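Residue-level structure breakdown
One letter stands for each residue in the lines below.
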Amino acid sequence: MANILVVDDELGIRDLLSEILNDEGHSVELAENAAQARAARQRTRPDLVLLDIWMPDTDGVTLLKEWSSSGLLSMPVVMMSGHATIETAVEATKIGAHSFLEKPITMQKLLKAVEAGLARNTPAALAAVPTTRKPGMGVVVPMPVQELTVEAAMTGGQSLPPAVEIGPQARQVFELDKPLRDARDEFEKCYFEFHLAKEGGSMTRVAEKTGLERTHLYRKLKQLGVDLSRGKRNSSSAA
């Protein structure tokens, strides 16, 4: 799979993203600030970077500008923030960011952004990028984007699927004529599926609602076989 660099000053977010991406088969490098990110970028040459905007030493947009101006922005970068504005997202995309993820980051949005970012480096995607030859130079460079919409800045050019109502059911019927462990697992699976649907797939809100730490929650969902991509598939079928 891919080598992914996660840059975020929050330990909990680094650990959660690392566990999710590792479970998807990716190799993950972690950095808690811009200095570590620079070293990791030089050492591992990542296929994709998840970069937080607000960091204590150097913010993510400044680091993105640094990589861009020095010719080091050879990989797709997905920006992350819980406080950034639309203007910040547009600015980052103009500098060279592939897309933007707003915190709290849902599982579906994370995996979709990673998939879209990695797809940018495929031979077919590279061949589809419009290019032009600068006068007097033998170098072919990508043509600049003429218009940048807010949707393109937030999604890396991906079209957003229409919102659909999942309709979680608060009351359900369970078969009790079975071993306790099986009955308990069935109840817990329905319980977490209900809250995931109710909270729109947000792991942060579900963790707060159920009283579980996010990493523990993610492990529990994997153990129960909860389909975390169901919301994404529902949106696709509705479209």
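For the structure, check the block above.
Residues numbered from 1 in each chain as written. Predicted model: local features only at pLDDT ≥ 70, side-chain atom pairs only at ≥ 80, totals over all residues. Heavy atoms only, no water.

**Topic: the nonpolar core**
For clarity, the threshold we go by: As used here, the term nonpolar core means buried Ala, Val, Leu, Ile, Met, Phe, Trp, Tyr and Cys residues forming a set that is joined through side-chain atoms within 4.5 Å. For each residue, the accessible area found with a 1.4 Å probe, counting protein chains only, is set against the maximum for its type, and the residue is called buried under 20%, exposed over 50%, and partly exposed in between. Counting from the N terminus, the helices are the DSSP runs of H or I reaching at least four residues and the strands are the DSSP runs of E reaching at least two. We call two residues in contact whenever any of their non-hydrogen atoms come within 4.5 Å of each other.
Counting residues in hydrophobic clusters, the biggest one holds 29 residues, and the most contacted among them are I4, L50 and L110. Among the elements of the structure, strand 1 (3-7), helix 1 (11-23), strand 3 (48-52), strand 4 (77-81), helix 5 (107-119), helix 8 (180-198), helix 9 (203-210) and helix 10 (214-224) are those that each provide at least two residues to this core. It is helix 1 that provides the largest number of residues to this core, a total of five residues. Apart from the residues within four sequence positions on either side, L110 is in contact with L17, I20, L50, L101 and I105.

**Description of the pairing of strand 1**
Defined as follows: Viewed with both strands pointing away, a crossover whose connecting path from the first strand over the helix to the second turns clockwise is right-handed. Two strands qualify as a pair provided DSSP detects at least 2 bridges between them.
By the criterion of burial, strand 1 is predominantly enclosed, with four of the five residues buried. Tracing the backbone out of strand 1, into helix 1 and back to the parallel element strand 2 (residues 27-31) gives a crossover that is right-handed. Sheet topology note: the strand 1/strand 3 ladder contains four bridges and is parallel. Following the sheet pairing, L5 is matched in strand 3 by V49.

**Digging into the packing of helix 1 against helix 10**
Note the following rule: Throughout, an axis means a line fitted to C-alpha atoms (over the contacting stretch in the case of helices), and angles, computed between N-to-C directions, take values from 0 to 180 degrees. Working definition: roughly parallel below 35 degrees, roughly antiparallel above 145 degrees, roughly perpendicular at 65 to 115 degrees, and oblique for all remaining angles. Two helices cross in a left-handed way if the nearer one is turned anticlockwise from the farther one by less than a right angle. They cross in a right-handed way if the turn is clockwise.
At a closest axis distance of 9 Å, the pairing of helix 1 and helix 10 adopts a crossing angle of 20°. When the interaxial angle is binned, helix 1 and helix 10 end up roughly parallel. Both helix 1 and helix 10 take part in a crossing whose hand is right-handed. Packed against helix 1, whose contacting residues are G12, I13, L16, E19, I20 and D23, the element helix 10 presents R214, T215, Y218, R219 and K222 at the interface.

**Re the pattern of salt bridges**
Cut-off, in case you're wondering: We define a salt bridge as a contact between a side-chain nitrogen of Lys or Arg and a carboxyl oxygen of Asp or Glu at a distance within 4 Å.
Counted according to the given criterion, the structure contains 10 salt bridges. Linking E29 and R43 is a salt bridge whose minimum nitrogen-to-oxygen distance equals 2.3 Å. Here E29 is found in strand 2, whereas its partner R43 is found in helix 2 (residues 34-44), with 14 residues between them in sequence. Residue E199 pairs with R205 through a salt bridge whose shortest N-O separation is 3.3 Å. Of the residues examined, E199 reaches a relative accessible area of 16% and is grouped as buried. Take R205: its relative accessible area is 36%, and that puts it in the partly exposed class. Several salt bridges converge on common partners, so that one network encompasses D8, D52 and K103.

**Regarding the packing of aromatic side chains**
Stated formally: Planes of paired rings set the category: under 30 degrees apart is stacked, over 60 is edge-to-face and the rest tilted, where pairs are Phe, Tyr or Trp rings (Trp by its six-membered ring) whose centres lie within 6.5 Å.
Scanning the model with the defined rule gives two aromatic pairs in all. Centroid distance Y191 to F192: 5.2 Å. Interplanar angle 75°. Geometry classified as edge-to-face. What links up through ring pairs into an aromatic cluster is the set F187, Y191 and F192.

**Structural notes on the sheet that holds strand 4**
Taken together, five strands build an open sheet; the order of strands is 2-1-3-4-5 and the sheet is parallel. Of all the strands in the sheet, the pair left with one neighbour each is strand 2 and strand 5 (99-102). Neighbour-to-neighbour, the strand axes of this sheet turn through a mean angle of 20°, independent of strand direction. Contacts from helix 3 (residues 60-69) reach strand 3 and strand 4 within the one sheet, and its direction differs from that of strand 3 by about 145°.

**Thoughts on the pairing of strand 3**
Counting buried residues in strand 3 gives five out of five residues, a clear majority hidden from the surface. Burial along strand 3 is two-sided: L48, L50 and D52 and V49 and L51, pointing in opposite directions, are all buried. Where strand 3 meets strand 4, four bridges bridge the pair, whose relative direction is parallel. Each residue of the ladder has a partner; that of V49, found in strand 4, is V77. Assessed by its sense of winding, the connection that carries the chain from strand 3 through helix 3 to strand 4 is right-handed.

**Regarding the packing of helix 9 against helix 10**
Quick reminder of the rule: Gly is put with the polar residues, along with every residue not named as nonpolar or charged; the nonpolar set is Ala, Val, Leu, Ile, Met, Phe, Trp, Tyr, Cys and Pro, and the charged set is Asp, Glu, Lys and Arg.
At a minimum axis distance of 9 Å, the contact between helix 9 and helix 10 shows a crossing angle of 95°. When the interaxial angle is binned, helix 9 and helix 10 end up roughly perpendicular. Residues M203, T204, V206 and A207 of helix 9 pack against R214, L217, Y218 and L221 of helix 10. The class makeup of the residues in the contact of helix 9 with helix 10 is six nonpolar, one polar and one charged.

**Re helix 9**
Worth spelling out the cut-off: Each C-beta atom gives one direction from the helix axis, and the arc is the one those directions make.
Every buried residue of helix 9 is listed here: M203, T204, V206, A207 and T210. An end-on view of helix 9 places all buried positions within 165° of arc, on one side of the element. Packed against the buried residues of helix 9 are helix 5, helix 8 and helix 10. Positive backbone phi, approximately 80°, marks G211, located one or two places after helix 9.

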